[in-house]
Amino acid sequence: MSPGLRNALVIARREFLERARSRWFLAITLLGPIGIVAMILVPSLLTPNPAGTRVEIIDRTGVLAQPLVTGLTTVRWKPAVLAPSTPDADEMARIRDRKINGFLIVPADALDGGTIIYRGDNGSNQTVTTTLHEIVRVVVQAERGKRAGIAGDKLTEIIRPAAFEAQQTNGKAEATAGVASFLVGYALAYILFLVITVYAVAVMRSVVQEKTSRVMELMVATIKPRSLMTGKIVGVGGAGLVQVSVWLVMAALVITYRDQVLGAFGVSGAAVTLPSLTFDVIGIALGFFVLGYFFYASMYAAVGAMVSSEQDTQQVQMPVTLLLLVGLVSVTAVSGDPRGVTATVMTLIPFWSPLLMPMRYVLGGATPVDIVISLAILLVSTVLIARAAAKIYRIGVLMYGKRPGVQELLRWLRY
Amino acid sequence: MSSALAVRGLVKRFGNHVAVDDVSFEVPRGVVYGILGPNGAGKSTTLRMINDIFAPDAGEIIVLDGLAPGHAAAQRIGYLPEERGLYPKMKVADMIEFIGELRGLSRGEARRRTATWLDRLGLAQWAGNKVQDLSKGMQQKVQFATALIHEPELVILDEPWSGLDPINAEVLRDEVEAIRRSGRTVLFSTHQMEQAEKLVDQICIIARGKKLLDGPLADIQRRAAGDGIIALGLGSDAASRAAADAVLGDRALVAERRAPRARAHADGADCEVKLASGASAQQLLAALVAAGVGLQRFEVVVPTLHQIFVDRVGTSAAVAERRPDAPSGAVA
C-alpha cells in the first residue's frame, strides 16, 4: 500500500469514527425514516376531521333537503334544514357566533343548472368541499332521474361512479401504480439531495474547522494535502453511505413486507398500492449517491480551503449550492416526462444526474444503457473536479485572511 | 555520517516580499541547534520548508541521509508548529496516537507509546478527555507529545517556549536535553535568547530573511570576545587608581572606557574597556602591572548570546516587520 493511500485511510478512519461515534449519528440513522414518515403523516393527522361538521340547508327546490340530510348524515356530518326564506345574514351571524360551520343554499333552479353554494368557515378545506360536491352531485342527479321517470334501481346503476386508475410504464417494465412510483422516485431524488448536501457540506465545515483550530499546519506537515482531502471525503462519505444504506434497506424491507407491517397497524395491505423498491434501484441509488457525493464533496472541500472562517463559507459556497438546487427544482420536469428531452439531458449532466437519474429509472424513463452512460460521465467529471479541487485545496489550506479572487484561483489550477 | 539537516541557498518569496533570502546552514547530528532571529526574520518559513509545507523558490534541503522533504522524511522528523492546533473534539490519547500512526507507527505501537508519553508528561488522567477540555498549557504538552511520539531522529520545534509558564519551560528544556542525550538532533527557532543560551550547541542568526552568522556557540562567543572587551577591578587605593587612569587613558591601548555591565559589576568589576584596534589583552595587562596598579580583577568578557544577538541584528531590525503569515498568492 502506498504511503499516501495508507495515510488517507488513517484520516478516513478518524473522520468516519468522529461521526459514527456521535449519538446524533445513531439517532438520525435509526430514527430518520420514522421522522420522514412522520413529516408526511403528521400534517394529514392534523387536518381537521370533517365528521361532525354542522351545516344548515336552505333548500328552495323543496325536494333536495331530505336526500342531502341523508347523504350528509351518512358521512357523519350534522345537517339541519331551515326554512327556505331564511336570510343569508342570519346564517352569517351564526357562523360568526360559531353556532354552525357553514350553510348550503340550494336555489329553486338547482335541478336545471342553478349553482348550489356552500359558505362556511371550512370552505377552503379540500376534504369538506370534495365530500359536499360528491353528495350534491349524487343527490341532484338522482332527483333529475326521478323527475325523468327512471326507476330507482336503474337510477343507482346510472349514477354509480366509473372505476379508473393511472399507471406509470415505459412499455417494458411491469406497470406500477402511477402515483406510488412517482412518490418513490420523488423520495429518492429528495433523499439524495439531502444526503449529498448534508455530507458534502460536512466536508467543507471539517476543512474550515481544521483551519480555525489551526491543526492544519500540523496535518500538512505530517501528510500530503491530497491524502488529507481524499481521506476526509472518504471518511465523511463512509458515514453517509452507512446512513443511506440503512435507510434504503429499511425502506425495501417495509415495502416487501408491507402486508405484515400494515397489518400491525390494523390496515389491510390490499388497499394500499406501493411500487417495489427492488435491489437494482437500491444499487443504482447508492452508485449515484457515492459518485454524486464525491463530485460535490470535492467542490465543497475546495470552498472550505478558500475561506478562513465559518461565516465566510456562506458566500463562497453559494455557486455550488445553487447548482444542487437547480437539480432539485428540475425534479418535476423529469418526473413529468421521464422519457422526454429535458429528462434525458438533465440526467446526463454530472451536476444533476446524481439527483435525477435514480428517479428517472424508477419511473421507467431510463434503460440500463442510459444509466451506464450517465455514471461514466459522472465518474470522469468527478475525477476532473477532484483533481482541480485538490490543487485549490493544497494551496488554500494554509491561507488565512485574504480570500482568493477568480483570477488567483485560475492561477492555482495551473500549478 | 551525514548531517541531520543541510540547507543550501534557500529562497522563499511571497509576492514581492522575500521571506527567506539565500539562507544556508548545516545541522550536525546529535546537537541542539537554534535558529535565532527577531519576529518576521523568516524562521518559521524556513522550518515550514524543511517540513514540506511550502516548497522553496530556490535552494536545496537535505534531511537525514540525503532525503528531500516529503513523506519518507516526515516519518523521521517530529514537528511542533508555530501554529499550535489539535482536533478539539478528539480524545487526548486518540489525538497523539493518530499523529503517531500518520508518522508511520503501527496502531498498536502508537497506542503503547502514547501511554508512555501521557505518563511522562503527567497527562495520564486526562487521556480520555477531549482536547478542548484541557487548559492551554496542557494542550501544549499534548502538542509536544505529537511531535515526539514516533521518536524522530530530528525534532523541529518552532518557538517552543511561546506561551509556556516557567515550570513548563523547564520541563521542555529537560525534554530537549533528554533528546540530545539519546543522540538525536533538535532544531528549534526562538527569539528568546535566555532560553536558547541554556541549551544550544550551535546557532544560526537570521534577520530579514538573511543569515547573519552561524556556527558553534562557543566559537561565536570566543570570536566575539576577540572584539576586546575587558572588565577591570581596580581596587580602592588612590595611588593605584591614578596609575590605572594614566594607562587606560592611552589611546594606543584603550579605545573606550565605560561603566561595567550589571553582571560584571556584581562580579567585582568597576569599569569596562574596549581595546584599541591592534592592542591585545596581554599588552594592556603588562602595562597595568608595570604601572603598579593593584589589580583585583582582569577578565576578558565573553559576551552573552543576548549581547551577540543585539550587536549583530541591531535594535532596528528587532522591530517586527510585516509578518508573512498570510502568503497571499503563495504557491506551495
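Note that this is a predicted model, so its numbers are computed, not measured. (Residues numbered from 1 in each chain as written. Chains lettered and ligands numbered in written order. Predicted model: local features only at pLDDT ≥ 70, side-chain atom pairs only at ≥ 80, totals over all residues.)

A. Just the domain arrangement of chain B, in detail. As assigned here, chain B comprises domain 1 (5-222 + 309-318) and domain 2 (228-302). Computed over C-alpha atoms, the centres of domain 1 of chain B and domain 2 of chain B are 43 Å apart. (Domains from an automatic or database assignment.)

B. Up close: the sheet that holds strand 8 (residues 202-207) of chain B. All names here are of chain B. With mixed pairing, the six strands of this open sheet are ordered in space as 5-6-7-3-8-9. In this open sheet, the two strands that pair with only one neighbour each are strand 5 (77-80) and strand 9 (210-216). Across the sheet, the mean angle separating the axes of adjacent strands is 15 degrees when strand polarity is ignored. Note: strand 6 (residues 154-158) against strand 7 (residues 185-190), five bridges, orientation parallel. Of the residues in strand 7, the one forming a bridge with Asp 158 is Ser 189. Where helix 6 (residues 166-181) meets the sheet, it contacts strand 3 (32-36), strand 6 and strand 7, and its direction lies at approximately 145 degrees from that of strand 7. Contacts from helix 8 (residues 217-225) reach strand 8 and strand 9, with the element oriented near 105 degrees to strand 9. (Pairing = 2+ DSSP bridges. Helix = DSSP H or I, 4+ residues; strand = E, 2+ residues; numbered from the N terminus. Axes fitted to C-alpha atoms, helices over the stretch in contact; angles between N-to-C directions. Contact = placed C-beta atoms within 7 Å.)

C. Spatial organisation of the domain arrangement of chain A. By domain assignment, chain A separates into domain 1 (9-43 + 178-414) and domain 2 (54-159). Distance between the C-alpha centres of domain 1 of chain A and domain 2 of chain A: 53 Å.

D. Summary view of the pairing of strand 2 (residues 17-27) of chain B. All names here are of chain B. Alignment of strand 1 (residues 5-14) against strand 2, held across eight bridges, turns out to be antiparallel. Its bridge partner lying in strand 2, Arg 13 is registered against Val 18. Remark: two residues form the turn of the hairpin made by strand 1 and strand 2, two consecutive strands paired antiparallel; Gly 15 in that turn has positive phi of roughly 60 degrees.

E. Seen up close, the packing of helix 3 (residues 92-102) of chain B against helix 5 (residues 136-148) of chain B. Residues and elements named next belong to chain B. At a minimum axis distance of 8 Å, the contact between helix 3 and helix 5 shows a crossing angle of 25 degrees. Between helix 3 and helix 5, the angle is such that the two are roughly parallel. Note that helix 3 runs across helix 5; the crossing there is right-handed. Residues Val 92, Met 95, Ile 96 and Ile 99 of helix 3 touch helix 5, and the partners they reach there are Val 142, Ala 145 and Thr 146. Its residues assigned to classes, the contact of helix 3 with helix 5 comprises six nonpolar, one polar and no charged. (Parallel < 35°, antiparallel > 145°, perpendicular 65-115°, else oblique. Left-handed = near helix turned anticlockwise from the far one by under 90°. Nonpolar A, V, L, I, M, F, W, Y, C, P; charged D, E, K, R; others polar.)

F. Broad picture of the environment of B:Arg223. Residues and elements named next belong to chain B. Relative to the helices and strands, Arg 223 is located in helix 8. The partly exposed category is assigned to Arg 223, around which 13 C-beta atoms lie within 10 Å. Along the backbone, Arg 223 and Asp 133 are 90 residues apart, and their C-alpha atoms lie at a distance of 50 Å. (Buried ≥ 20, exposed ≤ 12 C-beta atoms within 10 Å, placed from the backbone.)

G. Representation of the sheet that holds strand 1 of chain B in the model. Residues and elements named next belong to chain B. In space, the three strands of this open sheet follow the order 2-1-4, with antiparallel pairing throughout. The sheet is open, and its two borders are formed by strand 2 and strand 4 (58-63), each paired with just one other strand. The average angle at which neighbouring strand axes cross in this sheet is 20 degrees, direction not considered. Docked against the sheet, helix 1 (residues 43-50) engages strand 1, strand 2 and strand 4, running at close to 115 degrees with respect to strand 1.

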